[in-house]
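These are the residues of each chain, in order.
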Amino acid sequence: MEYFLSVLFFTLLGVAYVKGYDIVKRHSPDHLVHFYLIMATIRMLLVATVVGLYVFFTENREDAIHFAAVFLIMYAITMVVTLLMRH
């Protein structure tokens, strides 16, 4: 269940990034750099919050470590895809 929610989380973040990028590009292309930095910061804070909450509320240490590792790998993949993606 956690992994399904993780994939859903990163999918929603990706859709928000793509839609937001298109809107900013259409209305104010000069602010694309600001948009990217803001989205990167929001994504980093959300990922840190989700991992922190999961680790804090999970009683099994191995499950918490495994989830955190998988979630951070998914975050790294998302960052690489975002950097390589060209609209």
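Note that the coordinates shown come from a computational prediction; the quantities given were computed from them, not determined experimentally.

About the thresholds
Residues numbered from 1 in each chain as written. Predicted model: local features only at pLDDT ≥ 70, side-chain atom pairs only at ≥ 80, totals over all residues. Heavy atoms only, no water. Axes fitted to C-alpha atoms, helices over the stretch in contact; angles between N-to-C directions. Helix = DSSP H or I, 4+ residues; strand = E, 2+ residues; numbered from the N terminus. Parallel < 35°, antiparallel > 145°, perpendicular 65-115°, else oblique. Contact = heavy atoms within 4.5 Å. Phe/Tyr/Trp six-rings, centres within 6.5 Å; stacked < 30°, edge-to-face > 60°. Buried < 20%, exposed > 50% of the residue type's maximum accessible area, 1.4 Å probe, protein only. Lys NZ or Arg CZ within 6 Å of the ring centre and 35° of its normal. Left-handed = near helix turned anticlockwise from the far one by under 90°. Nonpolar A, V, L, I, M, F, W, Y, C, P; charged D, E, K, R; others polar. Expected span 1.5 Å × (residues − 1).

Draft legend 1. Focus on the packing of helix H2 (residues 32-57) against helix H3 (residues 61-84). Viewed as axis vectors pointing N to C, H2 and H3 meet at an angle of 170°, and their least axial separation amounts to 9 Å. Here H2 lies roughly antiparallel to H3, going by the angle between them. Along its contact with H2, which presents Tyr36, Arg43, Met44, Val47, Val50, Val51, Tyr54 and Val55, the element H3 presents Asp63, Ala64, Phe67, Ala68, Phe71, Leu72, Tyr75, Thr78, Met79, Thr82 and Leu83.

Draft legend 2. Here's a closer look at the packing of aromatic side chains. Taken as a whole and judged by the stated rule, the model has 9 aromatic pairs. A centroid spacing of 5.7 Å and a plane angle of 25° characterise the contact between Tyr17 and Phe35, whose relative ring orientation is stacked. Here the residue Tyr17 occupies a position in helix H1 (residues 2-27), and Phe35 occupies one in helix H2, the gap between them amounting to 18 residues. By the burial criterion, Tyr17 is buried, and Phe35 matches it. Taken together, a centroid distance of 6.5 Å and an interplanar angle of 80° make the contact between Tyr17 and Tyr36 edge-to-face. Linking Tyr17 in helix H1 with Tyr36 in helix H2, this pair joins segments that are 19 residues apart in sequence. Here the guanidinium or amino end of Arg43 rests over the ring plane of Tyr17, the centre of that ring lying 6.0 Å away.

Draft legend 3. Examining the packing of H1 against H3 more closely. Viewed as axis vectors pointing N to C, H1 and H3 meet at an angle of 20°, and their least axial separation amounts to 11 Å. Taken together, the axes of H1 and H3 lie roughly parallel to each other. Crossing hand, H1 versus H3: right-handed. Judged by residue contacts, Glu2, Tyr3, Ser6, Val7, Phe9, Phe10 and Tyr17 of H1 engage His66, Phe67, Val70, Phe71, Met74, Tyr75, Thr78 and Thr82 from H3. Looking at side-chain class alone, the contact of H1 with H3 contains 10 nonpolar, 4 polar and 1 charged residues.

Draft legend 4. Representation of H2 within the structure. The end-to-end C-alpha distance of H2, which contains 26 residues, comes to 37 Å, matching closely the 38 Å that a straight helix rising 1.5 Å per residue would cover. Inspection of H2 places Leu32, Phe35, Met39, Ala40, Arg43, Val47, Val51 and Tyr54 among the buried residues, and these make up the whole buried set. Summarising the contacts, the buried residues of H2 are in contact with H1 and H3.

So far we have only geometry, and geometry alone does not tell us how the molecule works.
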